[in-house]
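One-letter residues, chain by chain:
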Amino acid sequence: MADLQKIADAVIAGNREEVAQLTQAAVGEGVGPSDVINQGLIAGMAVVGVKFKANEFYVPEVLIAARAMHAGMDIVKPLLAETGAKPRGIVVIGTVKGDLHDIGKNLVSMMLEGGGWEVIDLDVDVAPEKFVEVISQGKAQLVALSALLTTTMPSMKDTIDAMSAAGVRDSIKVFIGGAPVTQEYADEIGADGYAPDAASAVDKANELIPA
Ligand code: B1M
């Protein structure tokens with residue numbers, strides 16, 4: 001019988017080939033894609049998140065682990081669609097208008113995926129209208145805004161204001177993050193939450209939209 005802990009361990013070790021091989025073997029033995037994801041891939045990324053918060057892992061280790069997780073996800077995602085299994089929820093993420101920094105945003109995005117969220121990544125320099133357009137489609141429950149520049153932090157407020165003006169603000173929870181961003185700023189602009197790092201972003205997402 002497949003040992004899903006081995007998949008988790010391979011994710012933590014960032015061993016992409018081993019994750020792919022073990023995932024393929026588990027699927028071949030008839031283990032359900034949700035079990036592979038929850039008890040293998042997500043379980044591994046959860047440990048990576050804990051280590052990252054504790055400064056035992058740094059950005060490169062997290063990126064390598066996320067890459068390994070993706071190798072497994074690529075195998076089980078098509079099967080997941082067949083079983084009709086649902087993600088934890090859908091989150092729209094982007095770096096706000098005027099800001100081109102994407103490394104932290106990508107890290108948050110990957111941790112959210114590792115936490116079972118489906119991520120719609122709008123990339124960088126995302127105009128408030130673009131966020132509004134995607135939210136208006138009604139699929140997402142959560143919006144994650146990233147900013148790395150003090151000069152682009154006001155774009156976060158502009159984005160939330162645009163949501164209010166378009167009448168979609170109450171349909172969605174918004175949380176923000178990035179090096180210059182604080183909880184105080186989140187409160188000031190009417191965001192629902194703030195997360196200081198990528199691992200905390202998963203906790204915040206789960207807190208804002210409980211399972
Ligand atoms: Co820029 N840059 N940069 N830069 N850059 C900073 C941010 C800066 C602090 C450097 C400095 O002066 N010391 C400074 C900002 C100063 C300020 O506003 N206070 C700065 C500046 C000024 C600029 C330019 C204006 C420079 C210029 O052209 N004169 C320019 C602006 C371009 C633009 O965006 N319009 C610019 C350009 C660039 C590059 C393109 C060269 C490159 C970006 C490449 C890329 O992202 N693809 C770049 C880089 C790499 C940096 C530094 C060196 C590193 C940023 C980074 O990726 N960190 C940065 C200095 C520094 O931080 N040491 C700097 C690693 C990353 C993992 O951390 O992004 O903080 P971070 O993400 C963390 C958390 O913040 C959090 O989780 C992540 C992981 O834990 N987080 C979230 C992030 N988003 C979150 C969202 C969440 C929750 C958590 O929820 C939604």
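Residues numbered from 1 in each chain as written. Predicted model: local features only at pLDDT ≥ 70, side-chain atom pairs only at ≥ 80, totals over all residues. Heavy atoms only, no water.

(A) View of the site of the ligand. Neighbouring the ligand are 26 residues; Leu 100, His 101, Asp 102, Ser 146 and Thr 150 lie closest to it. In this structure, Gly 98 approaches the ligand through a main-chain N or O atom, which is 2.9 Å from a nitrogen atom. In this structure, His 101 approaches the ligand through a side-chain N or O atom, which is 2.7 Å from a nitrogen atom. Those elements that place two or more of their residues in the shell around the ligand are helix 5 (103-114), strand 3 (142-146) and strand 4 (173-177). The element that contributes the greatest number of residues to the shell around the ligand is helix 5, accounting for four residues. (Near = heavy atom within 4 Å. Polar contact = N/O pair within 3.5 Å; in protein donor to acceptor, adjacent residues only side chain to side chain. Helix = DSSP H or I, 4+ residues; strand = E, 2+ residues; numbered from the N terminus.)

(B) Looking closely at unusual backbone geometry. Of note in this structure, Asn 55 is not a glycine but carries a positive phi near 60°. Position of Asn 55 relative to the elements: it lies in the loop between helix 3 (33-53) and helix 4 (59-83). Phi at Asp 123 takes a positive value of approximately 80°, unusual for a residue other than glycine. Inspection of the secondary structure assignment puts Asp 123 in the loop between strand 2 (118-121) and helix 6 (128-136). Relative accessible area serves as the criterion here: at 41%, Asp 123 is assigned to the partly exposed category. (Buried < 20%, exposed > 50% of the residue type's maximum accessible area, 1.4 Å probe, protein only.)

(C) A look at a nonpolar patch on the surface. Judged by side-chain polarity, Val 59, Leu 63 and Ile 103 come together as a nonpolar surface patch covering roughly 240 Å² of accessible area. You can see Leu 63 is positioned in helix 4. Since its relative accessible area comes to 32%, Leu 63 is described here as partly exposed. (Patch = residues over 30% accessible without salt bridge, like charges linked within 9 Å, V, L, I, M, F, W, Y side chains within 5 Å. Areas by Shrake-Rupley, 256 points an atom, 1.4 Å probe, with all protein chains shown as cover. Salt bridge = Lys/Arg side-chain N within 4 Å of Asp/Glu carboxyl O.)

(D) Molecular detail of the environment of Ala 140. On the secondary structure map, Ala 140 appears in the loop between helix 6 and strand 3. Spatially, the C-alpha atoms of Ala 140 and Ser 34 are 21 Å apart, while their sequence positions differ by 106 residues. The contact partners of Ala 140, leaving out residues within four places of it in the chain, are Ile 90, Val 92 and Ile 172. (Contact = heavy atoms within 4.5 Å.)

(E) Just the layout of surface pockets, in detail. The volume enclosed by the largest pocket comes to roughly 390 Å³. In terms of lining residues, the largest pocket is bounded by 19 residues, among which Ile 37, Leu 80, Lys 86, Pro 87 and Gly 116 are the most central. In terms of residue count, the dominant contributor to the lining of the largest pocket is helix 4 (six residues). Taken together, the residues of the lining of the largest pocket sort by class into ten nonpolar, four polar and five charged. The residues that make up the lining of the largest pocket include at least three from each of domain 1 (4-83) and domain 2 (90-208). One number sums up the size of the second largest pocket: a volume of about 300 Å³. At the level of secondary structure, the elements contributing two or more residues to the lining of the second largest pocket comprise helix 5, strand 3, strand 4 and helix 9 (198-208). Of the residues forming the lining of the second largest pocket, the biggest block, five residues, is contributed by helix 5. In terms of residue class, the lining of the second largest pocket is made up of 15 nonpolar, five polar and two charged. (1 Å grid on protein atoms, 1.4 Å probe; cavity = no way out; pocket = protein on both sides within 12 Å on 5 of 7 lines; lining within 4 Å. Points joined across faces, edges and corners; volume = space filled by probe spheres on them. Nonpolar A, V, L, I, M, F, W, Y, C, P; charged D, E, K, R; others polar. Domains from an automatic or database assignment.)

(F) How the structure looks around the sheet that holds strand 5 (residues 193-194). Taken together, five strands build an open sheet; the order of strands is 2-1-3-4-5 and the sheet is parallel. One side of each edge strand has no neighbouring strand; the edge strands of this open sheet are strand 2 and strand 5. As judged from the four bridges shared by strand 1 (residues 90-95) and strand 2, these two strands associate in the parallel manner. Bridge pairing links Val 92 to Ile 120 in strand 2. Packing of helix 5 onto the sheet brings it into contact with strand 1, strand 2 and strand 3, and relative to strand 1 it is tilted by some 170°. Along the sheet face, helix 9 touches strand 3, strand 4 and strand 5 and points at about 165° away from the line of strand 4. (Pairing = 2+ DSSP bridges. Axes fitted to C-alpha atoms, helices over the stretch in contact; angles between N-to-C directions.)

(G) Structural detail: the coordination of the cobalt atom of the ligand. Inspection of the coordination sphere of the cobalt atom of the ligand shows a single protein donor, His 101 (NE2), at 2.2 Å. Note on placement: His 101 falls in the loop between strand 1 and helix 5. (Donors = N, O, S within 2.8 Å, 3.2 Å for Na, K, Ca; no water.)

(H) Molecular detail of the pairing of strand 4. Burial within strand 4 is extensive, with four of its five residues counted as buried. Relative to strand 4, strand 3 runs parallel, the two being bridged by five bridges. Note on strand 4: the bridge partner recorded for Ser 146 is Gly 177. Assessed by its sense of winding, the connection that carries the chain from strand 3 through helix 7 (residues 153-165) to strand 4 is right-handed. With respect to chirality, the unit in which strand 4 leads through helix 8 (residues 183-189) into the neighbouring parallel strand 5 is right-handed. (Right-handed = clockwise from strand over helix to strand, strands pointing away.)

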